[in-house]
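Okay, here's what each chain looks like letter by letter:
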Amino acid sequence: AMSKSAVKISSDLLSNPLCEQEPSFLEMVTAFDTAMKRMDSFNQEKVNMALGWMWPLGSLGWFSNVFPSLNMAVKRREQTLQDYKRLQSKVEKYEEKERTGPVLAKLHQ
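Computed from a prediction, not measured in an experiment: that's the story for all the values here.

A.B. asks: Describe the overall build of the protein, with residues and values.
C.D. replies: Tallying secondary structure elements over the protein gives six helices and zero strands in all. For the protein, the succession of helices and strands along the chain, N to C, is α-α-α-α-α-α. Long-range contacts, defined as pairs at least 24 residues apart, comprise 34% of the intrachain contacts of the protein with a sequence gap of at least 6. Summing over all exposed atoms, the protein offers an accessible surface of approximately 9,200 Å²; the carbon and sulfur share of this is 62%.

In structure tokens, the structure reads:
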């Protein structure tokens, strides 16, 4: 996003009327514009490479079709994790309350 902004700034500078009046400024802004466009294409290439590397990870859904037991185990794990987080928040809530008989009984369940 930052390189896109730099390309926009450099193209805006090129359209500045000062570039028509000062050849040295035009030369400097043109060099800047070229550098920003190169940087943007380099960054885009790196992003494309990273996305290309991550593509196989997205195809893991194929395994769930081939190995349904694996898919069920992942779902059970997610459900257990959600249950654990829910119960952990309950314990934290009871620990914050005043330590009376009913609260202590619920804590030790």
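A.B. asks: Run through a nonpolar patch on the surface, naming residues and quoting values.
C.D. replies: On the surface, a nonpolar cluster with roughly 260 Å² of combined accessible area is contributed by Phe67, Leu70 and Val74. Checked against the element boundaries, leucine 70 lands in helix H5 (residues 68–96).

A.B. asks: Account for helix H1 (residues 2–14), naming residues and giving values.
C.D. replies: The end-to-end C-alpha distance of H1 is 19 Å, a good match for the 18 Å that 13 residues give at a rise of 1.5 Å each. Ser3, Ala6, Val7 and Ser10 are the residues of H1 that are buried. Buried positions in H1, seen along its axis, are confined to an arc of 100 degrees and lie on one side of it.

A.B. asks: Give a description of the side chain of serine 10 that names residues and reports values.
C.D. replies: Examined against the element boundaries, serine 10 turns out to sit in helix H1. Ignoring any residue separated from it by four or fewer positions in sequence, one finds serine 10 in contact with Val29, Phe32, Asp33 and Met36.

Reading the values: rules and limits
- Residues numbered from 1 in each chain as written.
- Predicted model: local features only at pLDDT ≥ 70, side-chain atom pairs only at ≥ 80, totals over all residues.
- Heavy atoms only, no water.
- Helix = DSSP H or I, 4+ residues; strand = E, 2+ residues; numbered from the N terminus.
- Contact = heavy atoms within 4.5 Å.
- Areas by Shrake-Rupley, 256 points an atom, 1.4 Å probe, with all protein chains shown as cover.
- Patch = residues over 30% accessible without salt bridge, like charges linked within 9 Å, V, L, I, M, F, W, Y side chains within 5 Å.
- Salt bridge = Lys/Arg side-chain N within 4 Å of Asp/Glu carboxyl O.
- Expected span 1.5 Å × (residues − 1).
- Buried < 20%, exposed > 50% of the residue type's maximum accessible area, 1.4 Å probe, protein only.
- Arc of directions from axis to C-beta.

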